[in-house]
Amino acid sequence: MDLYTIARQFADSWALLALFLVFVGVVLWAFRPGSRAVHDDIADIPFRHEDKPAPAEEA
């Protein structure tokens, strides 16, 4: 067997499974119960300095 055939069989089986498990892990990590406060804080970043620009040390 040549290298292309071996790589193709690996990509069709184990690599697909590994990437699917990584995807499921990232989704579970993003929606874990303890991350709500972090996501709320990050969502408020554009509204922190509505009346004046941020100080130079925060930029």
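Thresholds, definitions, all that
Residues numbered from 1 in each chain as written. Predicted model: local features only at pLDDT ≥ 70, side-chain atom pairs only at ≥ 80, totals over all residues. Heavy atoms only, no water. Helix = DSSP H or I, 4+ residues; strand = E, 2+ residues; numbered from the N terminus. Rg over C-alpha atoms; globule rule 2.2 N^0.38 Å. Buried < 20%, exposed > 50% of the residue type's maximum accessible area, 1.4 Å probe, protein only. Areas by Shrake-Rupley, 256 points an atom, 1.4 Å probe, with all protein chains shown as cover. Lys, Arg positive; Asp, Glu negative; His and termini not counted. Charge placed at Lys NZ, Arg CZ, Asp CG, Glu CD. Salt bridge = Lys/Arg side-chain N within 4 Å of Asp/Glu carboxyl O.

Peer 1: How should I be thinking about the overall build of the protein chain in this particular structure?
Peer 2: Across its full length, the protein chain holds two helices and zero strands. The globule rule puts the C-alpha radius of gyration for 59 residues at 10 Å, and the 22 Å found for the protein chain is more than 25% above it. A principal-axis box enclosing the C-alpha atoms of the protein chain has dimensions of 65 × 30 × 15 Å. Burial analysis of the protein chain (59 residues in total) assigns 2% to the buried set. Here the protein chain displays about 5,600 Å² of accessible surface, and carbon together with sulfur accounts for 70% of that area. Charge centroids of the protein chain, computed over 5 positive and 9 negative side chains, lie 5 Å from each other.

Peer 1: Looking at this structure, how should I read the environment of Asp44?
Peer 2: Following the sequence through the fold, Asp44 ends up in the segment after α2 (36-43). Linking Asp44 and Gly34, residues 10 residues apart in sequence, is a C-alpha distance of 17 Å.

Peer 1: Help me understand the pattern of salt bridges in this model?
Peer 2: In a structure, side chains of opposite charge can pair up when their charged atoms sit close to one another. By the definition in use, this model includes three salt bridges. The residue Arg36 makes a salt bridge to Asp40 at a minimum N-O spacing of 3.9 Å. Within this pair, Arg36 and its partner Asp40 are both found in helix α2, separated by four residues, close to a single helical turn. The exposure class of Arg36 is exposed, given its relative accessible area of 61%. Under the relative-accessibility criterion, Asp40 is labelled partly exposed at 38%. Arg48 is the partner of Asp41 in a salt bridge, and the nearest nitrogen-oxygen pair spans 2.5 Å.

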